[in-house]
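Take a look at the letters that make up each chain.
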Amino acid sequence: MKFTINRNSFIRTFNDVSRAISTKTTIPVLTGLKLVAESNALILTGSDADISIESTISADDEDNELAVTEPGAIILPAKFFGEIIKRLPESTMTVSQSGDSLQTTITSGASEFTINGLEAATYPQLPTITAAQSLNLPADILHQVIAQTVIAVSTQESRPILTGVHVTISNNQLLAVATDSHRLAQRKIELDGEVSDADFVIPGRSLNELGRMLADDVKTVELRIAENQVLFSFDHTAFFSRLLDGNYPDTSRLIPTSANTTVEFDAPALLSAINRASLLSHESRNNVVRLALSVADQTATLFGNSPEVGNVEEQLSFTNLQGEDIEISFNPDYMKVALQGVGQSTIEVAFTAPLRPFTLVPSEDHDHYVQLITPVRTF
């Protein structure tokens, strides 16, 4: 095997593929990067058995400066190979491996490295997804769905199913839900054309890595689903993820359909106030802030307290406070993440009772995005 390539082009693709390569795996071959050189393309593959990523660098793109002199395949230690290529002196590099030897030489300018590889045939086969039905999603919308739901996945392995995002496709609508039992995020999008129904749970980690790969120049992502795998295809990349086994809890009944108190806030302004209040709450053992709403006085007051340090009280700006007076306590970190998911918009916060979960929705779109936070009992 022998090829020459533009180093920056290779590094960009290597960085994407290496998202799936783990240094903490019980399968040694999976710590490596699989390289396959074909006559007019270079294929990079990385996998940790949960996520597999395969990206192709084409010789047809002149920016890649790819010239394959001798086709072949090898597995190289990803950590060392990555450190080497990022420190090479010139803009191009040549990778070569000759005969039956698994030693691979990397040259660039006056630098020459030789590292030991593994037989490419020992690399596990990528999943085969033969589903005829596929779903095309705008990349920016998919990126938004990921960002707005993974914030609520659980990090506790005691309930593995909650470490994923539950995706259902039916009636030309995609519904993505995540909850860690303390908070919930739900996003809906409308789909065009005839779409087959589907129901699966994809690990939050997989979606986080996928979201980081969806750069601005990616326009469309094709989604295919098999029994225990999902495939996202875009540009020259195939992103595979295993699906989680088990039944996701019914979350539809958790979202209140009515409210006794509603108020609208500017999301960035409320986020700033929560950040200030949490300066003290983080010093407290409980990490709780309290929000008091008075409809009669038309006031909204945020309190943070730490017995060891002191307390903070802030009058909040708001619009359209209606319903009953309420005082409610909650974890400020959950609220901060929820507000970051909403972005630069006005939000409506709806309460039913001091110890019942409350909801946050964008004021201009009540139907497609909702977040739910469980309050904290303080007495």
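Keep in mind the model is a prediction, meaning the values are calculated, not measured. (Residues numbered from 1 in each chain as written. Predicted model: local features only at pLDDT ≥ 70, side-chain atom pairs only at ≥ 80, totals over all residues. Heavy atoms only, no water.)

A. Seen up close, the UniProt feature "domain: DNA polymerase III beta sliding clamp N-terminal" (unreviewed entry) in the protein. Feature annotation in UniProt places "domain: DNA polymerase III beta sliding clamp N-terminal" (unreviewed entry) on residues 1-127, given in this structure's numbering. In the segment residues 1-127, helix accounts for 16% and strand for 42%; the C-alpha atoms at its two ends are 25 Å apart. (UniProt positions renumbered as here; feature names shortened; annotations may be inferred. Helix = DSSP H or I, 4+ residues; strand = E, 2+ residues; numbered from the N terminus.)

B. Looking closely at the pattern of salt bridges. Considering all chains together, one arrives at 11 salt bridges under this definition. Arg19 is the salt-bridge partner of Glu209, the closest N and O atoms lying 3.5 Å from each other. Taken together, the residues span a long stretch of sequence, with Glu209 in helix H4 (residues 204-213) and Arg19 in the loop between helix H1 (7-17) and strand S2 (32-37) at a distance of 190 residues. Under the relative-accessibility criterion, Arg19 is labelled partly exposed at 26%. Taking the shortest distance from any N to any O, the salt bridge between Arg183 and Asp180 comes out at 3.1 Å. (Salt bridge = Lys/Arg side-chain N within 4 Å of Asp/Glu carboxyl O. Buried < 20%, exposed > 50% of the residue type's maximum accessible area, 1.4 Å probe, protein only.)

C. Structural context of the pairing of strand S17 (residues 237-242). Burial analysis of S17 places 5 of its 6 residues in the buried class, the great majority of the element. As paired elements, strand S4 (residues 51-58) and S17 share 5 bridges and run antiparallel to each other. Bridge assignment links Ile53 to a residue of S17, and that residue is Phe239. In this sheet, S17 lies alongside strand S16 (residues 229-234) in antiparallel orientation, the contact comprising 6 bridges. Residue pairing for S17: Ser233 is matched across the bridge by Ala238. Counting the residues in the hairpin turn of S16 and S17 gives 2 residues, including Asp235, whose phi is positive at 50 degrees. (Pairing = 2+ DSSP bridges.)

D. Layout of the environment of Ile21. Structurally, Ile21 is set in the loop between H1 and S2. Looking at Ile21, the relative accessible area reads 16%, which means it is buried. Among residues more than four places away in sequence, those in contact with Ile21 are Leu30, Thr31, Gly32, Leu33, Gly46, Ser47 and Ala78. (Contact = heavy atoms within 4.5 Å.)

E. Region of interest: empty space enclosed by the protein. Evaluated as defined, the whole model comprises 3 cavities of 30 Å³ or more. Put simply, the largest cavity is a space of about 120 Å³. For the lining of the largest cavity, the secondary-structure elements that each account for two or more residues are helix H3 (139-149), strand S11 (164-170), strand S12 (173-179) and strand S14 (198-203). Sort the elements by how many residues they give to the lining of the largest cavity and H3 lands first, with 4 residues. A class-by-class count of the residues in the lining of the largest cavity yields 13 nonpolar, 1 polar and no charged. The calculated volume of the second largest cavity comes to roughly 50 Å³. (1 Å grid on protein atoms, 1.4 Å probe; cavity = no way out; pocket = protein on both sides within 12 Å on 5 of 7 lines; lining within 4 Å. Points joined across faces, edges and corners; volume = space filled by probe spheres on them. Nonpolar A, V, L, I, M, F, W, Y, C, P; charged D, E, K, R; others polar.)

F. View of helix H2 (residues 78-86). Turning to H2, its buried residues number three or more, namely Ala78, Phe81, Gly82, Ile84 and Ile85. An end-on view of H2 places all buried positions within 165 degrees of arc, on one side of the element. Residues of H2 that are exposed and point more than 90 degrees away from the buried face comprise Lys79 and Phe80. Structurally, H2 contributes buried residues whose contacts are with H1, S2, strand S6 (72-77), strand S7 (92-96), strand S8 (103-108) and strand S9 (111-116). (Arc of directions from axis to C-beta.)

G. Structural detail: the nonpolar core. Phe3, Phe10, Leu33, Leu35, Leu42, Phe81 and Phe232 are the most contacted members of the largest nonpolar core, which has 94 residues in total. The element contributing the most residues to this core is helix H5 (residues 267-281), with 6 residues. If near-sequence neighbours (up to four positions away) are discounted, Leu35 is found in contact with Met1, Phe3, Phe10, Leu42, Ile43, Leu44, Gly72, Ala73, Ile74, Leu76 and Phe81. Counting 6 residues, the second largest nonpolar core, distinct from the first, contains Leu184, Ile255, Val370 and Leu372. (Core = buried A, V, L, I, M, F, W, Y, C linked by side-chain atoms within 4.5 Å.)

H. Main features of the sheet that holds strand S22 (residues 319-323). Taken together, the 9 strands give an open sheet; going across it, the order is S14-S11-S12-S13-S26-S25-S24-S18-S22, and neighbouring strands pair in antiparallel fashion. Of all the strands in the sheet, just S14 and S22 have a single pairing partner and so form its edges. Geometrically, the sheet is characterised by an average inter-axis angle of 20 degrees between neighbouring strands, direction not taken into account. The pairing of S11 with S14 spans 6 bridges and is antiparallel. Its bridge partner lying in S14, Val165 is registered against Ile202. Those strands touched by H3 are S11, S12, strand S13 (183-190) and strand S26 (369-373), and its axis lies near 165 degrees from that of S13. (Axes fitted to C-alpha atoms, helices over the stretch in contact; angles between N-to-C directions.)

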